[in-house]
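The lines below spell out each chain.
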Amino acid sequence: MKMEWHALREKLLFQTPVSAFAQECELMRKRFGKEFPAATAERKKEIVEILSAISIDMQSYLLRWRLQRPEDSHPLPSEEITQQAEQNYALLSVSGQHGMIESVKSAVAAINKSNLLRLSQMADRGLINSRWGNDAATGLTEAIRKGAVLVTTNPIMVNAVRKEDPIFWDKVRNELKRACPDSFPEQRASLMTMGVVLQNCRELRPIYDISTGKYGYVSLQINPRANRDSTRMAEEVEDLYERLTRELNGTPNTVFKIPGTKAGLETVRRLTSKGIGCTITVNCSVDQNLAFGEIIEQGNARISFLVVMSGRLDDLVRDEMNGLGIPNAAEVAKWASVAVVRRSYDILYRQRKYQKSAILTAFLRGPWHVEGSITDGEAPIFITCFPDKAREYDSEERAIVSHINEEIPEKIMRELMESRIFRQAYEVGGLTCDGFDTFLPVTATLAAFSQSYDEFLEYNR
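None of the values given here were measured: they were computed from a predicted structure.

> Help me out: how do you make sense of the overall build of the protein in this one?
Along the backbone of the protein there are 20 helices and eight strands. For the protein, whose C-alpha radius of gyration is 23 Å, the value lies close to the compact-globule estimate of 23 Å for 461 residues. For the protein, the C-alpha atoms occupy an extent of roughly 70 × 55 × 40 Å along the three principal directions. Burial analysis of the protein (461 residues in total) assigns 57% to the buried set. Across the protein, the fraction of contacts at a sequence separation of at least 24, relative to all contacts at a separation of at least 6, is 73%. For the protein, the exposed area adds up to about 19700 Å²; of that, 49% sits on carbon and sulfur atoms. A gap of 2 Å separates the mean positions of the 59 positive and 62 negative side-chain charges of the protein.

Here you go:
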């Protein structure tokens, strides 16, 4: 069902010109209407689900990519969208799907109220220069309907995906064992990860194609256990890149998550020299951003991302400040990653004028992290949200304003400077490249990734 729906969505919303939209909608309804009476019960359920999903899609941000582009002088009128949606509802009503119609209308209403949708629309109009994405291997459909332009994965997320649909992924695992009887669990885990990534690549592919590679990327995390072996990491990426190229029949809309360790520097140098984009993960400091940003700028990749793992830094700064007896440590620590983002942005893009990388904030703990990532500057900042954090940000109306040029309040900075972890993260020269591997946010995050990865490996034995 999903493949049929995605193919129909791509044809209707990404390939159909404005002048032919009504005709294509009518052809879709005629085909489903003709098929429905004689269909099996299972097929009838699929038709209802596809028509319902398409009805949401055609009333979402997805229209912006072709049919209602802000730069077009004659976009598809909103009245035409409403009319076609009503005709879809009429067909569903004939099938007795009154409850499904209400579900579709409720989903459309939620999209229209979304702050993240409004953020995307403001970026379209040039009022801000921030885009957002989904920080999970699931939930992408809901996100792109509100304007998400990328998605990220890591071992924790991939391990969670296979638990959500064990029948499907058990079959995938068993087929891999039969097809590759001499493979190691690490190899099968890498191929299963690629399977999850491919699903997201294909869903984002129309956005990647229509934006000519500006948006629509999937960040693919490699084996976190290899974080100190630059050659091993590079070889894993090169193998995955080749496989993805074959599967997608062209340049993969994929960037590869390389840890912000000392070994990661050489890995990124090797990969970006070949035009392969990277996402620097396990990254919480200005010095990591500067070191990796310099290498990326020397390479040939169109786009790479410098992640600031906001929650991973703030949580540890909070814990350290609590141990020091600093009042309101939790509130003060919320500013730690915001300060790192602002300083990194200033040096990388205002002072050094880098163009081949972009800051990407991740592991957000609440709306304040979204707000701290909004910019109206020349260089973009990308924001990735867990699905629950996206819903939290959308839970009430919020002002969408750039704060990138604002100074951190003086009192907050004085208190943050009491934290050694914050000083290491914020000060230029606070970390040497050798110190990347022992920086507490790095070691703690790698430990969490590795634990989940080990569970995934055990599943693949």
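> Looking at this structure, how should I read the environment of Ile 347?
Checked against the element boundaries, Ile 347 lands in helix α15 (residues 329–351). Spatially, the C-alpha atom of Ile 347 lies 46 Å from that of Val 172, the residues being 175 residues apart in sequence. The residues contacting Ile 347, other than those within four sequence positions of it, are Val 286, Leu 290, Arg 352 and Val 428.

> Where do I start with the state of the cysteines in this structure?
Each disulfide consists of a covalent bond between the sulfur atoms of two cysteine residues. All told, the structure shown has zero disulfides when counted by the stated rule. With no disulfide of its own, Cys 284 has Cys 433 as its nearest cysteine by sulfur position, at a separation of 16 Å. Of the residues examined, Cys 433 reaches a relative accessible area of 33% and is grouped as partly exposed.

> Looking at this structure, I do not really get the environment of Gly 275. What am I missing?
Mapped onto the elements, Gly 275 comes out in the loop between α12 (262–273) and β5 (278–281). Along the primary structure Gly 275 and Arg 302 are separated by 27 residues, whereas in three dimensions their C-alpha atoms are 6.9 Å apart. If we ignore the near neighbours within four places in the chain, the residues touching Gly 275 are Asn 300 and Ala 301.

> It is not clear to me how the pairing of strand β1 (residues 130–134) should be interpreted in this structure. Could you clarify?
On any regular strand, side chains alternate: one points to one face of the sheet, the next to the other face. Within β1, five of the five residues are buried, leaving the element largely enclosed by the surrounding structure. Alternating residues of β1 divide into Ser 130, Trp 132 and Asn 134 and Arg 131 and Gly 133, and every residue in both groups is buried.

> Looking at this structure, how should I read the side chain of Arg 64?
Position of Arg 64 among the secondary structure elements: in the loop between α3 (41–57) and α4 (78–94). Residue Arg 64 is classed as buried on the basis of its relative accessible area, which comes to 15%. In terms of polar contacts, Arg 64 uses its side chain to reach the side chain of Asp 124, at 3.1 Å. If near-sequence neighbours (up to four positions away) are discounted, Arg 64 is found in contact with Arg 69, Pro 70, Asp 124 and Arg 131.

> I keep staring at unusual backbone geometry and nothing clicks. Help me out?
Excluding glycine, residues mostly carry a negative phi; peptide bonds, for their part, are mostly trans. A positive phi is found at Asn 328, a non-glycine position, where the angle reads about 55°. Tracing the backbone shows Asn 328 in the loop between α14 (310–323) and α15. With a phi close to 50°, Phe 363 is a non-glycine residue in the positive phi region.

> Any chance you could explain the packing of aromatic side chains here in plain terms?
Aromatic ring pairs are described here by two measures, namely the spacing of the ring centres and the angle between the planes. According to the stated counting rule, one finds 11 aromatic pairs in the structure shown. Centre to centre, the rings of Tyr 61 and Trp 65 are 5.9 Å apart; their planes meet at 85°, and the pair counts as edge-to-face. Accessibility classification places Tyr 61 together with Trp 65 in one group, the buried group. An angle of 25° between the planes, with centres 6.5 Å apart, marks the rings of Phe 292 and Phe 436 as stacked. One end of the pair, Phe 292, is in helix α13 (residues 286–298); the other, Phe 436, is in the loop between α19 (420–426) and α20 (440–459), with 144 residues separating them in the sequence. Given a relative accessible area of 0%, Phe 292 falls into the buried group. On the basis of relative accessible area, Phe 436 is assigned to the buried category, the value being 1%. Clustering of aromatic rings is evident, with ring pairs tying together Tyr 61, Trp 65, Tyr 215, Phe 305 and Phe 382. Between Arg 31 and the ring centre of Phe 32, over which it is positioned, the NZ or CZ distance is 4.7 Å. A cation over a ring is seen here: Arg 343 above Tyr 426, with NZ or CZ 4.5 Å from the ring centre.

What counts, and at which threshold
- Residues numbered from 1 in each chain as written.
- Predicted model: local features only at pLDDT ≥ 70, side-chain atom pairs only at ≥ 80, totals over all residues.
- Heavy atoms only, no water.
- Helix = DSSP H or I, 4+ residues; strand = E, 2+ residues; numbered from the N terminus.
- Rg over C-alpha atoms; globule rule 2.2 N^0.38 Å.
- Buried < 20%, exposed > 50% of the residue type's maximum accessible area, 1.4 Å probe, protein only.
- Contact = heavy atoms within 4.5 Å.
- Areas by Shrake-Rupley, 256 points an atom, 1.4 Å probe, with all protein chains shown as cover.
- Lys, Arg positive; Asp, Glu negative; His and termini not counted.
- Charge placed at Lys NZ, Arg CZ, Asp CG, Glu CD.
- Disulfide = S-S within 2.5 Å.
- Polar contact = N/O pair within 3.5 Å; in protein donor to acceptor, adjacent residues only side chain to side chain.
- Phe/Tyr/Trp six-rings, centres within 6.5 Å; stacked < 30°, edge-to-face > 60°.
- Lys NZ or Arg CZ within 6 Å of the ring centre and 35° of its normal.

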